[in-house]
Amino acid sequence: MLHELPDYLRKKHTMLIGLWVAKQEPDMTIFLQPFVNQANKLSEYGFKWNNKGKEIMSKLFPITCCVDSPARCAMLNMKRFNGIHGCTYCEYPTVKIDNVRKYPMIENIPKLRTDESVKRQMAFAYYKYCSSTQSKQVDVLGVWGPSALMNLKHFNIVSGMIVDFLHACLVGLTELHTNIIFSNVAEEYYVGDPTKTHLINQRLLSIKPPTCVGKTPRGITERNNWKASEWLTWLLYYSIPCLSGLTKKKYIIHLSLFVRAMNILLSDSITPKMLHTANELPITFVFQFGQLYGNNYMHYNVHRLLHLRESVKNWGPLWAISTFPFENENKLVLRMKKNNSVVDDIFIIKMEWIMDYNEDYSMEEINDLIEDYETFEAGYNSHIENLLKPNGMEHFYQALHLKIIDIYTEKTDNIPN
Ligand SMILES: [Zn+2]
C-alpha cells in the first residue's frame, strides 16, 4: 500500500507482493527475505520511470506493517501473546490466571520495547541458541531470535508494526466485552436474559442508519455472524443507546470511555490535546475492566488498547492504516479459490512481475515493463469474470500481450513448490 496516495486511492491500489500456498503457516524467514532484499534495493537505488515524457526517479521506503497479532509475532520471531512476555510493544510480564497467561494491570509500568532493544534481544537469543550444547531455542524477554525484518532498512520493528484496530479493538475487544455481558448469567452486568435481549434487538432493528454507515443493523443475537464493520457501528453508535437503562450506570460509563477514545482516534484530524485525552481514557478503561469484569478477562486485546495512542501519534488516525483493505482483498483470493487451477498461476505472474524489477534495466526496458504491467492490470480487471469460466485462462492470455507469459515461463523453474 502506498501511503503517499490519498486514502481512497491507496485502498484501491493495494499490491500483492507474495502469496504463501501451503497447508502450514509460512516460514517467515523464507517468505519475507525476498521482499526485504527487493525493498532494500528500491529504497537505496530507487528506480526511474517515465510519466508523459518526463523522467522521474522514485525510491520506495517500507515504513509500516499492519497485521493481526499471530502474524506480527511470527514476522518478528517473537512469542505469541499467550507467552510470558507476549506483547511486541512492551516487556509486560503476563500473569497466569486459570492456567492461561493474562494481562491484569500491574503497579510497575512495563518497559516499552524499542527497535534497538528488540534487535539486541534478537542477537542475544541467537547467541544463546548457538552456545547451547543441545541447540535449544531460548527466548529473551519473548524474542526467539533474528527476524528477516531486522535487515529491512528504514523500518522500525516496534513502532512500524501498527496496532491493527480491526482485530484488536473490533473483533477483539468489542466482541469480548459484548460476549461477557451477554453470557455471564450470575453477574450483575448480565444483559443476556430473554427480556433484555428482546429489547436490545428491538432498539437495534429500529435504527435507520444513514447511507454512509452502509449496512442496516442486525440483531444482537446474530452477533456471531457480524462483520468487523458491524462491530464498529455497534461500538461507536449503537452500544450505548441500546444498553442504556438495562444495566447499572457504572457499566455504561465504563463502556463510554472506550467509545469516546475510539471516536477520537478515528477522527479526520487529531490535535495533541485530543491525543492526550485519547491516552487517558484507555488507561482508565483498561484499569476498570479488570475491576468490573475480573482479571480473568484481561486478555491481550484489552492490554493492547494501551498502545493505540502511540500508534496513532506516529502514523495518524486508526482509519488511515488498518487491515480493512487487506481483508477486502482476501475476499478476492477466497473467491478465486473456487477455481484453484487458475488462481495460483495468476498470482504467481503478478508477484513475479513485481519481483522481476531490476535496477540494471535500461529506461526502455522499464517502460516496456510498465506498459506490460498496465496491460496486465487492465486485462486482469476486465477479464476477471472470464477467468472463473472454463478455459478462462486461455481467454485471459489472449487479451494480454505475451511478454507476461514469457516472464512466467522463464521463471517456472524457480517458483518454489
Ligand atoms: Zn504491551
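Since this is a predicted model, take the numbers as computed values, not measurements. (Residues numbered from 1 in each chain as written. Predicted model: local features only at pLDDT ≥ 70, side-chain atom pairs only at ≥ 80, totals over all residues.)

K.L.:
In this structure, what is going on with the overall build of the chain? I would like to understand it.
P.N.:
Within the chain one finds 17 helices and four strands. When burial is assessed residue by residue, the chain has 25% of its 417 residues classed as buried. A fraction of 59% describes how many contacts in the chain between residues 6 or more apart in sequence connect residues 24 or more apart. (Helix = DSSP H or I, 4+ residues; strand = E, 2+ residues; numbered from the N terminus. Buried ≥ 20, exposed ≤ 12 C-beta atoms within 10 Å, placed from the backbone. Contact = placed C-beta atoms within 7 Å.)

K.L.:
I would appreciate a short explanation of the nonpolar core in the present structure.
P.N.:
A general feature of soluble globular proteins is that nonpolar side chains tend to end up buried together. The biggest cluster of nonpolar side chains holds 57 residues, and the ones touching the most others in it are Leu149, Ala261 and Leu265. Apart from the residues lying within four places of it in its own chain, the contact partners of alanine 261 are Ala278, Leu281, Pro282 and Phe285. If you look at the next biggest cluster of nonpolar residues, it comprises seven residues, including Val191, Ile200, Leu204 and Cys242. (Core = buried A, V, L, I, M, F, W, Y, C linked by C-beta atoms within 7 Å.)

K.L.:
Sorry if this is basic, but what is going on with unusual backbone geometry here?
P.N.:
In most cases, non-glycine residues show a negative phi, while peptide bonds are predominantly trans. Residue aspartate 98 is not a glycine yet carries a positive backbone phi of 50 degrees. On the secondary structure map, aspartate 98 appears in the loop between strand 3 (95–97) and strand 4 (100–102). Residue aspartate 98 is classed as exposed on the basis of its C-beta count, with 7 C-beta atoms lying within 10 Å. Look at asparagine 99: it is not a glycine, yet its phi comes out positive at around 70 degrees. Locating asparagine 99 in the fold gives a position in the loop between strand 3 and strand 4.

K.L.:
What exactly am I supposed to notice about helix 8 (residues 249–265) here?
P.N.:
Since the α-helix turns once every 3.6 residues, residues separated by three or four places project in the same direction. With 17 residues, helix 8 should reach 24 Å at 1.5 Å per residue; the first-to-last C-alpha distance of 24 Å fits that figure. In this structure, the buried side of helix 8 is in contact with helix 5 (165–183), helix 7 (228–243), helix 9 (272–293) and helix 11 (308–315). (Expected span 1.5 Å × (residues − 1).)

K.L.:
How should the confidence of the model for the chain be read in this particular structure?
P.N.:
Low pLDDT means the predicted atomic positions in that stretch should not be read closely. Of all residues in the chain, 79% attain a pLDDT of 70 or more, and the chain-wide mean is 81. When the criterion is pLDDT under 50, residues 346–359 qualifies, and its contacts beyond four places in sequence or with other chains add up to 27 contacts. (pLDDT = per-residue confidence, 0-100.)

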